[in-house]
Amino acid sequence: MIATPLVALVIATLSLGAHGRRTTIVPKPNFVPLRPAPSTSSLQLTLALPPTNIDGLHAALYDVSDPKSPNYGKHLSKAEVEAFVAPKPDSVKAVTDWLTQHSLRPEAVSPSGDMLRIDIPVSKANSLLGANFTEFKNKDSGTTLVRTLSVTIPDDLEPHLQFIYPTTQFIVPLKPENPTFQVVNPPKLSRKRQSMPEQCAFEVFPECLQDLYHIPTAPATASGNSLGVSGYLSEFASTDDLDIFFDAFRPDVTTAPEFDVVSVDNGVTSGDGTLEASLDIQYTVGVATGVPTTFYSNGNPFADGFIDMVNFLLAQDELPLVLTTSYGFDEASFLGAEDLANTFCNAYAQLGARGTSVFFCSGDNGVYSFSFNSLCDATTFGATFPSTCPFLTSVGGTQNIPEVAASFSGGGFSNIFAQPDYQSAAVEGYLDALGSTNDGLFNRTGRAFPDVSAQSVNFITRINGTFGLVLGTSASTPTFASVVALLNDARLNAGKSPLGFINPLLYSQGACALNDITNGSNPGCGAQGFPTMEGWDPVTGLGTPDYEKLLALVTGL
Ligand SMILES: *[C@@H]1O[C@H](CO)[C@@H](O)[C@H](O)[C@H]1NC(C)=O
Ligand SMILES: *[C@@H]1O[C@H](CO)[C@@H](O)[C@H](O)[C@H]1NC(C)=O
Ligand SMILES: *[C@@H]1O[C@H](CO)[C@@H](O)[C@H](O)[C@H]1NC(C)=O
Ligand SMILES: *[C@@H]1O[C@H](CO)[C@@H](O)[C@H](O)[C@H]1NC(C)=O
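Residues numbered from 1 in each chain as written. Chains lettered and ligands numbered in written order. Predicted model: local features only at pLDDT ≥ 70, side-chain atom pairs only at ≥ 80, totals over all residues. Heavy atoms only, no water.

Under an unreviewed UniProt entry, the protein has the name tripeptidyl-peptidase II and belongs to Lentinus tigrinus ALCF2SS1-6. Taken verbatim from the UniProt record of the protein, the Subcellular location (unreviewed entry) comment is "Secreted, Extracellular space". (UniProt positions renumbered as here; feature names shortened; annotations may be inferred.)

Next comes the structure, spelled out in structure tokens:
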């Protein structure tokens with residue numbers, strides 16, 4: 001953990017007065033109050049201070065990511081990024097003075113200091129914030145959260161505090177995309193490589209992806225290349241499973257496969273292999289041959305885990321050049337907590353500005369995105385967060401050869417984030433062709449997702465000693481990320497920058513280097529969902545990768 005104590009030198013006496021900004025939310029139907037939170041139990045609160053110049057960060061991100069810009073690929077340094085997001089000194093002073101006055105010692109938990117953290121007993125949090133912290137049970141997941149329906153912040157702090165988390169934010173805890181698992185015997189492969197083994201029709205293994213997407217099998221060679229896999233919920237990938245997976249499916253690789261493990265928030269660093277982590281590691285290490293890979297293991301299933309993960313990464317001098325994450329939230333959880341969603345999204349923008357390509361899965365429940373969504377009534381399409389953040393790349397799913405959309409592929413439109421310019425022409429083309437289909441069920445002005453897709457069904461994975469078939473955008477996301485890690489290898493070997501945030505490139509010039517998927521749709525919860533069409537669609541995005549075409553594109557930049 002990065003936790004820099006902030007020394008508050010000035011102890012000012014603030015007049016609290018009777019007034020303050022009171023935020024009250026209506027109780028969420030999917031959360032049931034159980035009992036008052038025990039007054040002596042401890043709460044860990046994160047306080048977010050407004051960034052100095054967030055528009056500047058976004059402009060800088062686009063400037064280095066737009067292939068037409070003279071600054072394309074000139075990624076920002078850690079210090080340059082932090083200068084955009086660091087809070088103003090008067091905000092730091094106002095907030096630390098307020099906390100110090102209440103004998104609280106905040107720690108900075110982000111490298112730019114835009115997030116502070118305090119540990120505080122419930123009784124004190126209730127009096128400090130005029131709150132009534134209560135245990136609520138989430139009906140869908142069964143998890144209990146300690147939250148309050150209202151908080152009061154002193155008036156004079158209002159311009160200096162974006163949010164305090166967790167207070168009124170009812171974010172359903174993280175769940176894996178829950179890829180399904182079916183035990184199988186691995187296919188007997190001929191030791192001699194064939195082009196597209198016939199088994200690929202039923203089971204996907206690295207050779208199928210290499211053949212279908214023209215992915216090179218030779219190990220990457222560039223120094224400084226890297227690929228990060230983030231894992232949550234105590235998931236772990238075992239080296240024994242990976243070794244056996246390589247014996248079966250990468251007999252061409254003579255060196256033992258390996259990956260590093262880094263623990264964040266007490267994430268596990270050893271143990272038996274579990275489904276999601278094994279899939280993510282086998283389809284990064286097994287596809288991005290030779291690219292140094294790190295598994296970031298996070299032990300916190302709540303939104304705090306996501307906050308800590310991205311702050312942990314932002315504190316590093318050297319970032320992974322590609323980051324893949326197969327976990328997400330129902331975006332509807334963040335309605336009423338848009339500040340929190342924006343802060344996450346801006347953290348991914350910081351990674352992109354520094355040159356990391358960030359990938360998130362688009363979800364496995366079609367237009368409803370999450371089965372946790374209790375609004376599963378075919379009146380409003382759902383969305384998956386962080387996939388709806390415009391500053392990262394969302395990956396949907398396909399299946400079969402020739403490829404068609406996987407019907408579970410999450411896709412649609414954000415209700416929180418506006419549509420970024422880089423995708424407006426592609427989305428407008430789709431919406432024109434769609435006509436009045438699904439009218440009123442989705443937000444036409446929202447950020448549309450996914451951006452791209454890849455195979456996502458019947459991935460053979462070795463999990464805790466057993467081979468099984470796994471399905472989900474959890475499979476497509478590491479696959480696409482691995483293709484980009486190999487493209488980075490070629491870029492680095494040519495003395496060029498890593499690709500960083502790739503959406504502006506993909507939407508402007510990349511479509512012809514992707515396989516457009518035009519068959520299938522993503523129904524969900526009793527609704528038809530969106531049909532795929534020529535060009536971008538909210539099921540498979542711009543399409544699946546063709547490494548050779550992408551290579552020609554990215555080495556010509
Ligand atoms: C605080 O919340 C509890 C439920 O945990 C409720 O019974 C109680 O009435 C609330 N107190 C106030 C002052 O609102
Ligand atoms: C639609 O999305 C925009 C962001 O583009 C948001 O501001 C607006 O509130 C959304 N509308 C609804 C009805 O959710
Ligand atoms: C892994 O398999 C062993 C032996 O079958 C079993 O005891 C253990 O519980 C399994 N671990 C997990 C995480 O499922
Ligand atoms: C779409 O894919 C299905 C298989 O999923 C196939 O049966 C059908 O012929 C395809 N349609 C077109 C127009 O290619």
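Draft legend 1. Up close: the environment of Asp339. For Asp339, the location among the structural elements is in helix 9 (residues 338-353). Along the primary structure Asp339 and Leu505 are separated by 166 residues, whereas in three dimensions their C-alpha atoms are 28 Å apart. (Helix = DSSP H or I, 4+ residues; strand = E, 2+ residues; numbered from the N terminus.)

Draft legend 2. Quick peek at the packing of aromatic side chains. In the structure shown here, the tally under the stated rule is 35 aromatic pairs. The side chain of Arg462 reaches across the aromatic face of Phe467, ending 4.9 Å from its centre. (Phe/Tyr/Trp six-rings, centres within 6.5 Å; stacked < 30°, edge-to-face > 60°. Lys NZ or Arg CZ within 6 Å of the ring centre and 35° of its normal.)

Draft legend 3. Local environment of the UniProt feature "active site" (unreviewed entry) in the protein. Annotation from UniProt places "active site" (unreviewed entry) at Glu276, Asp280 and Ser474. Annotated residues spanning 199 residues; largest pairwise C-alpha distance 7.3 Å, indicating a single compact cluster. On the secondary structure map, Glu276 appears in helix 7 (residues 275-285). Within the secondary structure layout, Ser474 lies in helix 11 (residues 473-493). At 2.8 Å, the side chain of Ser474 and the side chain of Glu276 are in polar contact. (Polar contact = N/O pair within 3.5 Å; in protein donor to acceptor, adjacent residues only side chain to side chain.)

Draft legend 4. Region of interest: the site of ligand 1. The environment of ligand 1 is formed by Arg35, Pro36, Asn132 and Thr134. Between Asn132 and ligand 1, the recorded distance is 2.4 Å, taken from a side-chain N or O atom to an oxygen atom. Thr134 is positioned with one of its side-chain polar atoms (N or O) 3.2 Å from an oxygen atom of ligand 1. With the chains in place, 33% of the 370 Å² that ligand 1 exposes on its own is no longer accessible. For the shell around ligand 1, the class distribution of residues is 1 nonpolar, 2 polar and 1 charged. (Near = heavy atom within 4 Å. Areas by Shrake-Rupley, 256 points an atom, 1.4 Å probe, with all protein chains shown as cover. Nonpolar A, V, L, I, M, F, W, Y, C, P; charged D, E, K, R; others polar.)

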